[in-house]
Amino acid sequence: MRITLSNPTCSTLKSVDITQQKSANMTHGAYAGVTDPIPDQAILEIVQIRQGTTIYTQGTDYKLQSNSVAWTGGSEPAPGSSYEVTYRNRVKTTAKDVTEDGFTVSNAVPGTLVLVDYTWKMPRYDLIALDSQGQVQRIQGPAHAWNPSIPSASAGQMSLALIKQTWKKTEKPQVVSTGIQAVSMNELQTMKSMIADLYDLMAEERLKNDANASDPAAEKGIFVDPFLDDDLRDLGTEQSAAIVDQCLQLPIAVDVVETGKEETPWTLPYELEPVVSQTLRTGSMNVNPYQAFDPLPANIKMVLDTDRWTETITNWTSGTTSRFVSSSSDVIPQSATTTGTLLSSTSEEAEYLRPLTQRFRVEGFKPDEALSVTFDGLIVEPQPISE
């Protein structure tokens, strides 16, 4: 079988230890219960003991004890007779076809452990440097199994290249140039001009930001509102118009209506249509002809057991109007955007809850049956309703 090494840069293969299976003919001792030594060392297990057509049972007839067959008082061969023993033991062997990533062994039991003692080459980085005397030197870095570190040049040395050694015959060493490259004067002048242009653009942008921050709306006695948001509107005067997509327009009054108080859900008008129907039958029979069953339990439904509401307080009508108005492409450019900034946010628990009528629906009782309904310790007077 072919064995592949976990570290595929084998340098020297020292030894290989495999598990082999052998059969040997042995002679039973001179008396019953004697221990017969197996003619091998490092016995791992006994596979089978047989004499002719008789196969002995391990644990009942015999057991492995110190590289010997110890008979335990069950069935055993007659004293002085011969029998065949099949066993497995550890043995050192010679590998064949040894390469940097594996080798081949013979007579090994498939699926068993193979112990290999070998040396292998770990990856490393080497640095090529030039010293002050003009001599090229090779600085070897520390080798590591998976993460070798890169060496550094000492004082008085200039780094030229970095070599990654993997020691694989199928891969060449990787060479990366680390030397200093000269830049032409034309490239330096171009870089200098680009840096100067960048500083000019930054200075102009700072002047624009400073002018907008100090005097965004008034310039030479003229008030200008670009209608981006409601920041430039007069807070002391009631504003009846709305700003939507940089347009000043009439507002749309909106009333918040709470949903979920009805017993039946709100849906659009619809008509029921049969999807699956069964119009034929072969016969019928009563499942419970004597009507023998316990009374069905009552059904109690709480129409609304929690109260959820939302209160919206706004000084401007722009927020609600924008939900119902879409921007016009012939008035507002497509690149116009509106941004908002949250200045502050507070939250607090309500001191009092608003009064709310709690309703219940009780079904399954007889018309004249006396009921006693309580909710949170309070007595509730039920009132009959007609369907």
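What counts and what doesn't
Residues numbered from 1 in each chain as written. Predicted model: local features only at pLDDT ≥ 70, side-chain atom pairs only at ≥ 80, totals over all residues. Heavy atoms only, no water. Buried < 20%, exposed > 50% of the residue type's maximum accessible area, 1.4 Å probe, protein only. Patch = residues over 30% accessible without salt bridge, like charges linked within 9 Å, V, L, I, M, F, W, Y side chains within 5 Å. Areas by Shrake-Rupley, 256 points an atom, 1.4 Å probe, with all protein chains shown as cover. Salt bridge = Lys/Arg side-chain N within 4 Å of Asp/Glu carboxyl O. Helix = DSSP H or I, 4+ residues; strand = E, 2+ residues; numbered from the N terminus.

**Q** Quick one: what's the story with unusual backbone geometry, residue by residue and with numbers?
**A** Positive phi, normally seen in glycine, also occurs at W167, with a value near 65°. Classification of W167 by relative accessible area gives partly exposed; the value is 29%. The phi dihedral of D376 falls on the positive side, at around 55°, and the residue is not glycine. Judged by relative accessible area, which is 72%, D376 ranks as exposed.

**Q** Which residues make up a nonpolar patch on the surface, and what are the values?
**A** Together, V183, M185, L188 and M191 line one region of the surface with nonpolar side chains, adding up to about 380 Å² of accessible area. With respect to the secondary-structure elements, V183 resides in the loop between strand 14 (174-177) and helix 1 (185-214). The partly exposed category is assigned to V183, whose relative accessible area is 42%.

**Q** I'd like to hear about the pattern of salt bridges, residue by residue, with values.
**A** Taken as a whole and judged by the stated rule, the model has eight salt bridges. The salt bridge partner of R2 is D101, with a shortest N-O separation of 3.9 Å. Within this pair, whereas R2 is found in strand 1 (residues 2-4), its partner D101 is found in the loop between strand 8 (82-93) and strand 9 (102-104), the two being separated by 99 residues in sequence. In this structure, the salt-bridge partner of R90 is D17, at a minimum N-O distance of 3.6 Å.

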